[in-house]
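# Observations on the model geometry
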Amino acid sequence: MSRRFSLRIVALAVVLALGAAAAIAFRGAGRWLVREDPLGKTDVIVVLSGSMPARAIEAGRIYQIGEAPEVWLSRPESPHTTLGEMGIPYIGEEEYNREVLIHEGVPETDVHILQGTIVDTEQEIEEVAGELRREGKTSATIVTSPQHTRRVKTLWRKLAGKNLRAIVRGAPQDDFDADHWWSNTRDAYSVAREMMGLLNAWAGLPVRPHSS
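Residues numbered from 1 in each chain as written. Predicted model: local features only at pLDDT ≥ 70, side-chain atom pairs only at ≥ 80, totals over all residues. Heavy atoms only, no water.

## Regarding the sheet that holds strand S5 (residues 165-170)
Going by this rule: The pairing criterion is simple: DSSP has to find at least two bridges between the two strands. Only runs of H or I of at least four residues qualify as helices and only runs of E of at least two qualify as strands under DSSP, and these elements are numbered from the N terminus. Axes here refer to lines fitted to C-alpha atoms; in helices the fit is confined to the stretch in contact. Angles between the N-to-C directions go from 0 to 180 degrees. Working rule for contacts: check all heavy atoms of both residues, and any pair within 4.5 Å makes them a contact.
Ordered by their spatial adjacency, five strands build an open sheet running S3-S2-S1-S4-S5, and the pairing between neighbours is parallel. Of all strands in the sheet, those with a lone pairing partner are strand S3 (111-118) and S5, marking the two edges. If you compare each strand with its neighbour and ignore which way they point, the axes differ by 25° on average. Sheet analysis places strand S4 (residues 139-144) next to S5, joined by six bridges and oriented parallel. Bridge pairing links Thr144 to Gly170 in S5. Sitting on the sheet, helix H4 (residues 93-103) is in contact with strand S1 (44-47), strand S2 (71-76) and S3, with an inclination near 155° to S2. Across the face of the sheet, helix H6 (residues 149-159) comes into contact with S4 and S5 while running at roughly 170° to S5.

## With respect to the environment of Gly136
Here Gly136 is to be found in the loop between helix H5 (121-135) and S4. When the C-alpha atoms of Gly136 and Asp43 are compared, they prove to be 9.8 Å apart, with 93 residues separating the residues in sequence.

## Quick look at H6
Residue pairs three or four apart in sequence face the same way in an α-helix, which turns once every 3.6 residues. Going by this rule: Partly exposed describes any residue whose relative accessible area lies between the buried limit of under 20% and the exposed limit of over 50%, with all areas from a 1.4 Å probe on protein chains only and scaled to the type maximum.
With respect to burial, H6 is a largely interior element, eight of its eleven residues being buried. Along H6, the residues classified as buried are Thr149, Arg150, Arg151, Val152, Lys153, Thr154, Leu155 and Trp156. Gly161 occupies a position one or two residues after H6 and carries a positive phi of about 95°.

## A closer look at the pattern of salt bridges
Definition in use: Salt bridges are defined by distance alone: a side-chain nitrogen of Lys or Arg within 4 Å of a carboxyl oxygen of Asp or Glu.
What the rule picks out here adds up to 13 salt bridges. Among the ionic pairs, Glu131 bridges to Arg134, the shortest N-O distance being 2.9 Å. Of this pair, Glu131 and Arg134 are both found in helix H5, three residues apart, which corresponds to roughly one turn of the helix. Among the residues examined, Glu131 registers a relative accessible area of 18% and is labelled buried. A cluster of three or more residues bridged by salt bridges with shared partners is formed by Arg151, Arg193 and Glu194.

Written out as structure tokens, the structure reads:
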């Protein structure tokens, strides 16, 4: 066997190995994004915006088993002002989430909507951490979608500080298919968005939230 032929065999083997590794990584990306913590007692439960009503339903369940005494809702950017000027009533996502929580048995007095308006997860984490400090609290159970959990944990470590603790949970009511995420546009877009968000976080958050 000539040396040139041997080198070709080695090169082909390397290409095949790299291709197999890339295929495994591609298929496993959805499962890799899911990184939940075990449940435990915290000061509050926080429902991150999006995937309504799945996240609020899961927050209601966690409240009902006694893991925290109150639920916080973020206030996402909305067209409320613009539509109001047009005489068109608009109820924000946070109000619908409040109604879902009440439906799930959370007393209205235990549901609190954060005051600051947020446009992305980075601002949500900063808003929650700031409110915890203002309230003299130190821990939160954060409910989001399964594929969003790894990025939430990454952002919490970067933005919340060492004195605040977070338990991050994915809502099982969200129908994200971690094992076949490439099979539909919704899940494929979600994985792409999470990967881009993680790259931004690992790079030190050079891409900032747009102004609300």
